[in-house]
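# Coordinate inspection notes
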Amino acid sequence: MTLSRIAREVKTSATLAITAKAKQLAAKGVDVIGFGAGEPDFDVPENVKNAAIKAIKDGYNKYTPTAGAPDLKEAICEKLLKDNQLKYTPSQILVSAGAKQAILNIVLVLCDSGDEAIIPSPYWVSYSEMVIMAGAKPVFLNTTDREHFKITKETLAKVITPRTKMLFMNSPNNPTGMVYTEKELREIVCFAVEKGIYVISDEIYEKILYDGVKHISPATLGDECYKKVITVNGFSKVYSMTGWRLGYAAGPEEIIKAATNIQDHTTSGANSITQKAGVEALKGNQDPVIFMIKEFDKRRRYIVERLNKIKGVSCLLPQGAFYVFPRVSDLYKRKIAGQSVANSFDLVNLLLEKTFVAFVPGAPFGADDYIRISYATSMANIEKGIDRFEKFLGS
Ligand SMILES: *Cc1c(COP(=O)(O)O)cnc(C)c1O
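Residues numbered from 1 in each chain as written. Predicted model: local features only at pLDDT ≥ 70, side-chain atom pairs only at ≥ 80, totals over all residues. Heavy atoms only, no water.

### So, unusual backbone geometry
Rules: Helical segments are the DSSP runs of H or I of at least four residues, strand segments are the runs of E of at least two, and each set is numbered from the N terminus. Remark: exposure states derive from per-residue accessible area (1.4 Å probe, protein chains only) relative to the maximum for the residue type, with buried under 20%, exposed over 50%, and partly exposed in between.
At the junction of Ser-121 and Pro-122, the peptide bond is cis and its omega measures out at 5 degrees in the coordinates. Among the secondary structure elements, Pro-122 is positioned in the loop between strand 3 (116–121) and helix 6 (126–133). Backbone torsion omega between Ser-171 and Pro-172 reads -5 degrees, so that peptide bond is classified as cis. Inspection of the secondary structure assignment puts Pro-172 in the loop between strand 5 (164–169) and helix 8 (182–194). Backbone geometry places Ala-321, a non-glycine residue, at a positive phi of 60 degrees. Among the secondary structure elements, Ala-321 is positioned in the loop between helix 12 (287–308) and strand 9 (323–324). By relative accessible area, which is 0% here, Ala-321 ends up buried. Located in the positive-phi region is Phe-356, a residue other than glycine, with phi close to 60 degrees. Tracing the sequence through the fold places Phe-356 in the loop between helix 13 (344–355) and strand 12 (357–358).

So, in structure tokens, the structure goes:
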């Protein structure tokens, strides 16, 4: 049997194997401590849940317009204006089943076969696969912890070709937690749009920020940016609504319209009940969000301090999201507990087998010298997990 080009070219999620192994161990009754979570360990705010229940009881069960329910699109426009100083009309908004679907729709609208999409690396694993689905070519722009995992106008200039169609920006970043400043964004994004390159700005961690840093939406950085940047956001991270599947894109009407056409023939749009809940999430009390960020902040400080005390591990203090991305490549050069460790997969596998701590290897994010540790887990788990890691390396 010959499978399609997409089926042959799109990779499985390499992080899934580790997660599956951790789950298997846990099912056997082993005390596994998981640091793989790509979602908050907090519950959906009560007012949001109640809005969904009310929607069901009110019989809000039919298809909504493909691009989103009018009240949600209005609420998103208000939110973008208030939080991001971005002026959009509802015709410039596409609501999707998660930010992931919104991003895929936009990639399919922008990229043709043979086009190139620049992906700053380390990167969120789905960007590259979406570009491949579109038949285009992912071009990785590598960064390291030395430059705080940030690209610059200069490094970007080196990978632009006549086929470059788009650039992915993701600040605050998954997996590194890094946040670009306004000055940095202005240089990079203004340069890209001057060259005629479209930018997808994935702002899903927008509100999960520390140390008083500010989030800047690149579409605000000038008229050309407004015309070429597509802003993507969602409810999964900030409102802990990962399973509810709700996200959106905002941008030029022509792009949003074309993306809506694609969605017309795939999912017909997001779940109606979730959309009602989304209105409440945006308009209701934001205290649960503030509480969650405070908790994340305590964990962030603790985990970075602990990691940097471990020989062979070095970790930047991230300013956003809920991940740390420590460099562990110094550990690759020696034997650990009698076993040789050559890369991030080896290290993560060994740690899971010997200490029952589940980290995520950096390789699938394009950065084998690192591992990703999510601190969307309790402080007690963090203490216990890092204790085990430290003890194991000392042994
Ligand atoms: C979680 C995540 C998404 C996708 O979120 P959904 O709205 O659940 O589809 C997109 N981008 C990044 C960087 C993420 O970490």
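### Some thoughts on the site of the ligand
Convention followed: By convention in this text, a residue qualifies as near a molecule or strand provided that one of its non-hydrogen atoms is within 4 Å of it. Polar contact criterion, stated in full: a pair of N or O atoms within 3.5 Å, where within protein one must be able to donate a hydrogen and the other to accept it, and residues adjacent in sequence count only if both atoms are side-chain atoms. The method behind every accessible area is Shrake-Rupley, applied with a 1.4 Å probe, and residues are considered shielded solely by the protein chains displayed.
Close contacts around the ligand come from 13 residues, with Ala-99, Asp-202, Tyr-205, Ser-236 and Lys-237 the closest. In this structure, Tyr-205 approaches the ligand through a side-chain N or O atom, which is 2.6 Å from an oxygen atom. Arg-245 is positioned with one of its side-chain polar atoms (N or O) 2.7 Å from an oxygen atom of the ligand. Burial of the ligand by the protein chains amounts to 94% of its free accessible area of 390 Å².

### Concerning helix 10 (residues 253–264)
Formally: To estimate how far a helix should extend, the number of its residues minus one is multiplied by 1.5 Å. The arc in question is the one traced by the directions running from the helix axis out to the C-beta atoms. The criterion used for residue contact is that any of the two residues' heavy atoms lie within 4.5 Å.
Between its first and last C-alpha, helix 10 extends 16 Å over twelve residues, near the 16 Å set by a 1.5 Å rise per residue. Among the residues making up helix 10, those that are buried are Ile-255, Ile-256, Ala-259, Thr-260 and Gln-263. The buried residues of helix 10 occupy an angular sector of 135 degrees when projected down its axis, which confines them to one face. Exposed residues pointing more than 90 degrees away from the buried face of helix 10 are listed as Glu-254 and Lys-257. Where helix 10 is buried, its residues contact strand 2 (93–96), helix 5 (99–110), strand 6 (198–202), strand 7 (229–234) and strand 8 (247–250).

### As for the UniProt feature "domain: Aminotransferase class I/classII large" (unreviewed entry) in the protein chain
Condition: UniProt positions are given in the numbering used here, feature names are shortened, and annotations may be inferred rather than shown by experiment.
Those places that UniProt annotates as "domain: Aminotransferase class I/classII large" (unreviewed entry) correspond, in this numbering, to residues 31–389. Segment residues 31–389 splits into 40% helix and 15% strand. End C-alpha atoms: 14 Å apart.

### Brief notes about the domain arrangement of the protein chain
Spelled out, the test is: Domains are outlined according to an automatic or database domain assignment. Once two parts are brought into contact, the accessible area they lose, counted with a 1.4 Å probe and summed over both, makes up the buried area. Here a salt bridge means any side-chain nitrogen of Lys or Arg lying within 4 Å of a carboxyl oxygen belonging to Asp or Glu.
Here the protein chain is partitioned into domain 1 (5–43 + 287–394) and domain 2 (61–283). Put simply, the middle of domain 1 and the middle of domain 2, counted by C-alpha atoms, are 26 Å apart. Of the roughly 3000 Å² buried between domain 1 and domain 2, counting both surfaces, carbon and sulfur atoms make up 59%. Considering only the side of domain 1, the residues that lose the most area to domain 2 are Leu-316, Gln-319 and Phe-365, jointly responsible for 22% of the buried surface there. The interface formed by domain 1 and domain 2 includes four salt bridges. A salt bridge links Arg-301 to Asp-211; the shortest N-O distance between them is 3.0 Å.

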